[in-house]
Amino acid sequence: MSLSTSSSHGHAEPSSWPLSERGQRTVIPPAVLDSIAGHPLCAGCMPHGVGFYPRARGHRMQRRMPADDLLIYCIAGQGILQVDGHEQSIDAGDLVLLPSGVAHQYQADPAQPWSIYWVHLGGHDVAQFFDEIAGQPGHYKVHIGVHSRLAETFQALLVAATRVQPEHLVYAANLLRSLLAFAALMRHQHLARHATLDVTRVNSYLQTALDRRLSLDELVDATSTLSRYHFIREYKRQTGQTPMQAFQRIKVSHACYLLDITEETVVQIAARLGYDDPYYFSRLFKKQIGVSPQQYRRERGQ
């Protein structure tokens, strides 16, 4: 199928992709949109067209200067998005957020064609909704997972958008607001579920680094996807200490073990634990244990 294109500066122009037997597509006539444009319950966020394309094999679209915003929700299969010179895959549970004026093209994966809900929309509140869903401007894809509630709201919006009476359009506009707010909530909850730090993994990595100095940035990169700030906060929330405090305690604990079972000098043990300065190591040891390494060993009968 040839690539559909749009460069309209007016109302929504969804693709002319032939609907399958189960496919649905509704476009609100421009004259109807204009008649309700000033309504206070619609002006900020209004659907222009909405649809559902199941297993949309051959579906593809290119827009050079889209006049309205577009939200796509992939519930199965895969697709490909190109925007800002970058190509990225779209999978089940992904939302695609394409603001007006941003050139883009997308298509269903030939082998595993996507099933998508979509809505063209406009209004002065849409940009803020998109930022809330994406987390920050300039993100065109966000993963929230597949949610039956979101699909049900799309289906309700499809029905409401077929009616042209003002009260139905007010309902459609606020269904759309509810849909966007729920998508933002699901994005936040998805992040929260995946943001919990695996402390066991962190501590295991610390054990592998006992013989050297370890930077916090290296530890964060090796054991999580969190930011440095959230890594420290989450580790302290779960353990009551910072990661580097924990690293020092693990090193001192291992030093006690070496003092107990070996005849190595304090200088040798300090070097084994990555401390070039044995005096610094001794001060650190005494701060945590309460006695110097030499006194610890004497008290243990070595």
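Note: the structure precedes this text.
Residues numbered from 1 in each chain as written. Predicted model: local features only at pLDDT ≥ 70, side-chain atom pairs only at ≥ 80, totals over all residues. Heavy atoms only, no water.

A. Highlighting the nonpolar core. In this structure, Leu71, Leu121, Phe154 and Leu180 are the most contacted members of the largest nonpolar core, which totals 42 residues. Contributing elements (two or more residues each) for this core: helix H1 (30–35), strand S3 (46–53), strand S5 (69–76), strand S8 (94–98), strand S10 (115–122), helix H2 (126–134), helix H3 (148–160) and helix H4 (166–194). Here this core takes twelve residues from H4, the largest share from any one element. Those residues in contact with Phe154 that sit more than four places away from it in its chain are Val50, Leu71, Tyr73, Tyr117, Trp118, Val119 and Leu179. Ranked by size, the runner-up nonpolar core spans 31 residues in total, among them Phe247, Val252, Phe281 and Leu284. (Core = buried A, V, L, I, M, F, W, Y, C linked by side-chain atoms within 4.5 Å. Buried < 20%, exposed > 50% of the residue type's maximum accessible area, 1.4 Å probe, protein only. Helix = DSSP H or I, 4+ residues; strand = E, 2+ residues; numbered from the N terminus. Contact = heavy atoms within 4.5 Å.)

B. Expanded view of the packing of helix H8 (residues 243–261) against helix H10 (residues 278–289). For the pair H8 and H10, the least separation of the axes is 10 Å and the interaxial angle reads 95 degrees. On the basis of their axis angle, the class for H8 and H10 is roughly perpendicular. Facing Gln248, Arg249, Val252, Ala255, Cys256 and Leu259 of H8, the residues of H10 in contact are Tyr280, Phe281, Leu284, Phe285, Gln288 and Ile289. Across the contact of H8 with H10, the residue classes tally to nine nonpolar, two polar and one charged. (Axes fitted to C-alpha atoms, helices over the stretch in contact; angles between N-to-C directions. Parallel < 35°, antiparallel > 145°, perpendicular 65-115°, else oblique. Nonpolar A, V, L, I, M, F, W, Y, C, P; charged D, E, K, R; others polar.)

C. A look at the sheet that holds S10. Within the open sheet, the six strands sit side by side as S2-S3-S10-S5-S8-S11. Their pairing is antiparallel. The sheet terminates laterally at strand S2 (24–27) and strand S11 (141–143), the two strands that pair on one side only. The sheet shows a mean angle of 15 degrees between the axes of neighbouring strands, taken without regard to direction. Inspection of the sheet shows S5 paired to S10 by seven bridges, in the antiparallel sense. Residue pairing across strands places Ala76 opposite Ser115, the latter belonging to S10. Against the sheet, H2 touches S5, S8, S10 and S11, its axis set at about 145 degrees to S8. (Pairing = 2+ DSSP bridges.)

D. Geometry of H8. Between the first and last C-alpha of H8 there are 27 Å, a value that for 19 residues agrees with the 27 Å anticipated at 1.5 Å per step. Looking only at H8, the buried set comprises Pro243, Ala246, Phe247, Ile250, Lys251, Val252, Ala255, Cys256, Leu258 and Leu259. Where H8 is buried, its residues contact helix H5 (199–208), helix H6 (216–223), helix H7 (228–239), helix H9 (266–272), H10 and helix H11 (293–299). (Expected span 1.5 Å × (residues − 1).)

E. Region of interest: unusual backbone geometry. Despite not being glycine, Arg55 has its phi angle at roughly 40 degrees, a positive value. Mapped onto the elements of the fold, Arg55 is located in the loop between S3 and strand S4 (60–63). Looking at Arg55, the relative accessible area reads 54%, which means it is exposed. Located in the positive-phi region is Asp84, a residue other than glycine, with phi close to 55 degrees. For Asp84, a relative accessible area of 53% gives the class exposed.

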